[in-house]
Amino acid sequence: MSRLRQLSNPDHLPALDPAYAHRLPGLGLGLLDPKPRILLLYGSLRDRSFSRLAVEEAARLLEYFGAETRIFDPSDLPLPDQVKGDDHPAVHELRDHAIWSDGQVWCSPERHGQITGIMKAQIDHLPLAMGSIRPTQGRTLAVMQVSGGSQSFNAVNSLRLLGRWMRMFTIPNQSSVAKAFQEFDADGRMKPSAYYDRIVDVMEELVRFTVLLRPHAATLVDRYSERREADQPVSAAGELANQALGRVL
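Conventions adopted
- Residues numbered from 1 in each chain as written.
- Predicted model: local features only at pLDDT ≥ 70, side-chain atom pairs only at ≥ 80, totals over all residues.
- Heavy atoms only, no water.
- Core = buried A, V, L, I, M, F, W, Y, C linked by side-chain atoms within 4.5 Å.
- Buried < 20%, exposed > 50% of the residue type's maximum accessible area, 1.4 Å probe, protein only.
- Helix = DSSP H or I, 4+ residues; strand = E, 2+ residues; numbered from the N terminus.
- Contact = heavy atoms within 4.5 Å.
- Polar contact = N/O pair within 3.5 Å; in protein donor to acceptor, adjacent residues only side chain to side chain.
- Pairing = 2+ DSSP bridges.
- Right-handed = clockwise from strand over helix to strand, strands pointing away.
- Phe/Tyr/Trp six-rings, centres within 6.5 Å; stacked < 30°, edge-to-face > 60°.
- Lys NZ or Arg CZ within 6 Å of the ring centre and 35° of its normal.

Student: Where do I start with the nonpolar core in this structure?
Tutor: It is characteristic of soluble globular proteins that their nonpolar side chains tend to be buried jointly. In this structure, Leu40, Leu61, Leu62, Val105 and Met203 are the most contacted members of the largest nonpolar core, which totals 38 residues. Going through the elements one at a time, β1 (37-42), α1 (50-64), β3 (103-109), β4 (140-146) and α5 (194-213) are the ones with two or more residues in this core. With nine residues, the top contributor of residues to this core is α1. Setting aside anything within four residues of it in sequence, one finds Met203 in contact with Ala58, Leu61, Leu62, Phe65, Val105, Ala142 and Met144. One finds Leu41, Leu94, Ile115 and Ala155 within the second-largest nonpolar core, a separate group that totals 21 residues.

This is the structure we're talking about:
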């Protein structure tokens, strides 16, 4: 059983004006092969979940911009600590997708001034470390929120805090969609608006940062404290090679 949502009409972008959109926004910033791999998480289980609909629009844009996407369906994800040792197929799958990703998109509704429990549960199931594997460290992150009322930034601010805690590179731009029930048509597609344009901006920026940082992610998060903990002394030969490379650059 796969918990990835199938993206309907991935090539249909009625709200996008292609005359103003870069097809490959990361061109010239780094290697585009393999495609940037982006995992998208949303925070509501409603049949007409606006955070899911916003994530689907984001995924279509990411694929238009040359990325590969996966949207995780959290509908059968248990609460943290509900299952002994987190030994549940949905937890294992979520972690596998996080490890697969180069970057992520987190989109939560704002409920009582905060992110939802569904959103937090997904993040809580992503440990900082699984042995030598770190499912989030060094990945890029874009944060989004949808609101039932006026525009707010409480949820995206909380997601930024969580992204920093998970040692991710959270991009500067973000999206907050107010009165989300007015922004999607009967088919669940987002109408042309300044809110849609901001999602385009955020996904363009996410692709650029992901392509730019992906080759350097391991170096950027190489930490003294973790080398000490793992008893991995710095190699003198490696240091000399890095110094030589720095002089060439």
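Student: I tried to follow the side chain of Thr136 on my own but got confused; where do I start?
Tutor: By secondary structure assignment, the location of Thr136 is in the loop between α3 (117-124) and β4. Within polar-contact distance, the side chain of Thr136 engages the backbone oxygen of Met166 at 2.9 Å. Beyond its immediate chain neighbours, meaning those up to four positions away, Thr136 contacts Gln104, Leu126, Met166, Arg167 and Met168.

Student: What's the story with unusual backbone geometry in this structure? I'm lost.
Tutor: One can expect most non-glycine residues to show negative phi and most peptide bonds to be in trans. Cis geometry is found at the peptide bond from Asp33 to Pro34, where omega equals 5 degrees. Phi at Asp86 is positive, roughly 55 degrees, even though this residue is not glycine. Mapped onto the fold, Asp86 is located in the loop between β2 (68-71) and α2 (89-100). Backbone geometry at Lys179 places phi at a positive 45 degrees, although glycine is not the residue there. By the element assignment, Lys179 lies in the loop between β6 (175-177) and α5.

Student: I keep staring at the pairing of β4 and nothing clicks. Help me out?
Tutor: For a regular strand, side-chain orientation follows a simple rule: the groups alternate between the two sheet faces. Burial analysis of β4 places seven of its seven residues in the buried class, the great majority of the element. Side chains of β4 alternate between two faces, with Thr140, Ala142, Met144 and Val146 and Leu141, Val143 and Gln145 buried alike. For β3 and β4, the ladder comprises seven bridges, and the chain directions are parallel. By the bridge assignment for β4, Val105 is matched with Ala142. Taken together, β3, α3 and β4 form a β-α-β motif whose crossover is right-handed. Pairing between β4 and strand β5 (residues 169-170): two bridges, direction parallel. Bridging across to β5, Leu141 finds its partner in Thr170. Pairing of β4 with β6 involves three bridges; the strand directions are parallel. Bridging across to β6, Val146 finds its partner in Val177.

Student: How should I be thinking about the packing of aromatic side chains in this particular structure?
Tutor: The geometry of an aromatic ring pair is captured by two quantities: the separation of the ring centres and the angle between the planes. One pass over the full model with this rule turns up two aromatic pairs. On the numbers, 5.7 Å between centres and 70 degrees between planes, the contact of Tyr64 with Phe65 is edge-to-face. The burial state of Tyr64 is the same as that of Phe65; both residues are buried. Between Arg23 and the ring centre of Tyr64, over which it is positioned, the NZ or CZ distance is 3.8 Å. In this structure, Arg70 is placed above the aromatic ring of Trp100, and the distance from its NZ or CZ to the ring centre is 3.9 Å.

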